[in-house]
Amino acid sequence: MGAHSRTSTVAVAGVAQGRDRYFDTLRALALVRVVAYHTFGWPWAAMAFPSMGVMFALAGTLMAKSLERPAPQVIRGRLRRLLPPFWFWGVFVVTAMLVHGWMPGRQIVFWVVPLGDPPGNAWGEQAWEILWYLRTYLWFVLLSPLLLRIFRLAPVPVLLLSLVPVLVFQYVRQPPDDRLGTALLDLATYLFCWLLGFAHRDGVLARLRPGPVVVLSLAALAFGGWYALAHQAAYGTYDLDDIPLAQAFWSAGFVTLLMWTKARLGVDLAGLTRYRRLNRLVTVFNARAVTIYLWHELALVLAVPLIDRFWEVPAFETYLPLDSQWFLFGVGWVLIAVSVLACGWVEDVAARKRPKLLP
């Protein structure tokens, strides 16, 4: 698969206190959209809100800010925050796959550091297929010192040229059909969004005039949408997550408008803090983003046999919509909440904070 029916999203960069609520709300919405997509399978979901493009742009902004410190220190910090939650989750997934007959080979090393897609068997595929995001994020982190240096040589031209690799892969030369090729395709698909985060952090977006930004963004949206709809026969769907070129351009246009609105108009959603419960929910989503991302598919998988047991209770069968996908969605979120309470503390340990049930 390209980029991807494995939709997902989470900014695995650390969540600092006091950050702008605009970005935090986008991250929370992206997580909700990811869970909804994996529940309902809506092909239009990525067009309504391209979660992956949003999350890579937000992570790029945080990375550019962090690189005001020495690069090795920043990369070590990112690895420290990412890998322990991944290892903790991986223990359960790998053990379950071993119990169900999986025979690992040398590629099991990718379960230690996911520079390539970690291997697994068909039984656990729904759990491990989401790890493409962590792999792509990790490569962007490692490449960011070089990417930021190149970006700052000529910000706008470099940003526009960052869409060239995905065009080359589509029209000139396909990447190899292996771990390397998949990684290169994902990097090309979301490179623009990552660099867009740099552009926001460096104030480049705030200096751009409205006319060119709006025109180019709408052009990117039009091309991405047209390509997806015009090539449904070839891909069997118009779902952007299965069509890298369409995903790259749609995300570029959509996320540019979101980030430029923030940079130029100063939108910050500070008023969200007046709604205590909603504000608290956004805080929890951001502080437990890695946990929610990693465990949400397992939660949806476990929700199915749990709902099957509900059918054995006559009252539940009569009064609950047990055959509804919305009911599955709700039960999934209950199990995600349990995962946050039971496993979220690993993110605190990774960030060298005192472990808490909830942040």
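Engineer: Report on the overall build of the chain, specifying residues and quantitative values.
Structural biologist: A count of helices and strands for the chain gives 18 helices and zero strands. Whereas a compact globule of 359 residues would reach a radius of gyration of roughly 21 Å, the chain reaches 20 Å, a difference of no more than 12%. For the chain, the C-alpha atoms occupy an extent of roughly 65 × 50 × 45 Å along the three principal directions. The buried share among the 359 residues of the chain stands at 53%. Contacts in the chain between residues at least 24 apart in sequence constitute 77% of all its contacts with a sequence separation of at least 6. Summed over all atoms, the accessible surface of the chain reaches about 16400 Å², with 67% contributed by carbon and sulfur.

Engineer: Give me the nonpolar core: which residues, what numbers.
Structural biologist: Judged by nonpolar contacts, the single largest core of 81 residues is most densely connected at Phe56, Trp89, Trp111, Tyr133 and Trp194. Counting residues per element, this core draws most heavily on helix α9 (residues 179-201), which supplies 12 residues. Aside from chain neighbours lying at most four places away, what touches Trp194 is Phe56, Ala59, Gly60, Met63, Tyr137, Phe140, Val141, Ser144 and Leu147. With 13 residues, the next largest nonpolar core counts Phe40, Ile292, Phe329 and Ile336 among its residues.

Engineer: Mind laying out empty space enclosed by the protein, listing which residues take part and the relevant values?
Structural biologist: Unfilled space is identified by rolling a water-sized probe across the atoms. Summed over the entire model, instances satisfying the criterion amount to one cavity of 30 Å³ or more. By volume, the largest cavity amounts to about 30 Å³. Contributing to the lining of the largest cavity are Pro85, Phe88, Thr291, Leu294, Trp295, Cys343 and Val346. Put simply, the parts of the chain that give the lining of the largest cavity at least two residues each are α4 (71-99) and α15 (289-310). The dominant element in the lining of the largest cavity, judged by the number of residues it contributes, is α15, at three residues. The residue inventory of the lining of the largest cavity, partitioned by class, reads six nonpolar, one polar and no charged.

Rules of the game
- Residues numbered from 1 in each chain as written.
- Predicted model: local features only at pLDDT ≥ 70, side-chain atom pairs only at ≥ 80, totals over all residues.
- Heavy atoms only, no water.
- Helix = DSSP H or I, 4+ residues; strand = E, 2+ residues; numbered from the N terminus.
- Rg over C-alpha atoms; globule rule 2.2 N^0.38 Å.
- Buried < 20%, exposed > 50% of the residue type's maximum accessible area, 1.4 Å probe, protein only.
- Contact = heavy atoms within 4.5 Å.
- Areas by Shrake-Rupley, 256 points an atom, 1.4 Å probe, with all protein chains shown as cover.
- Core = buried A, V, L, I, M, F, W, Y, C linked by side-chain atoms within 4.5 Å.
- 1 Å grid on protein atoms, 1.4 Å probe; cavity = no way out; pocket = protein on both sides within 12 Å on 5 of 7 lines; lining within 4 Å.
- Points joined across faces, edges and corners; volume = space filled by probe spheres on them.
- Nonpolar A, V, L, I, M, F, W, Y, C, P; charged D, E, K, R; others polar.

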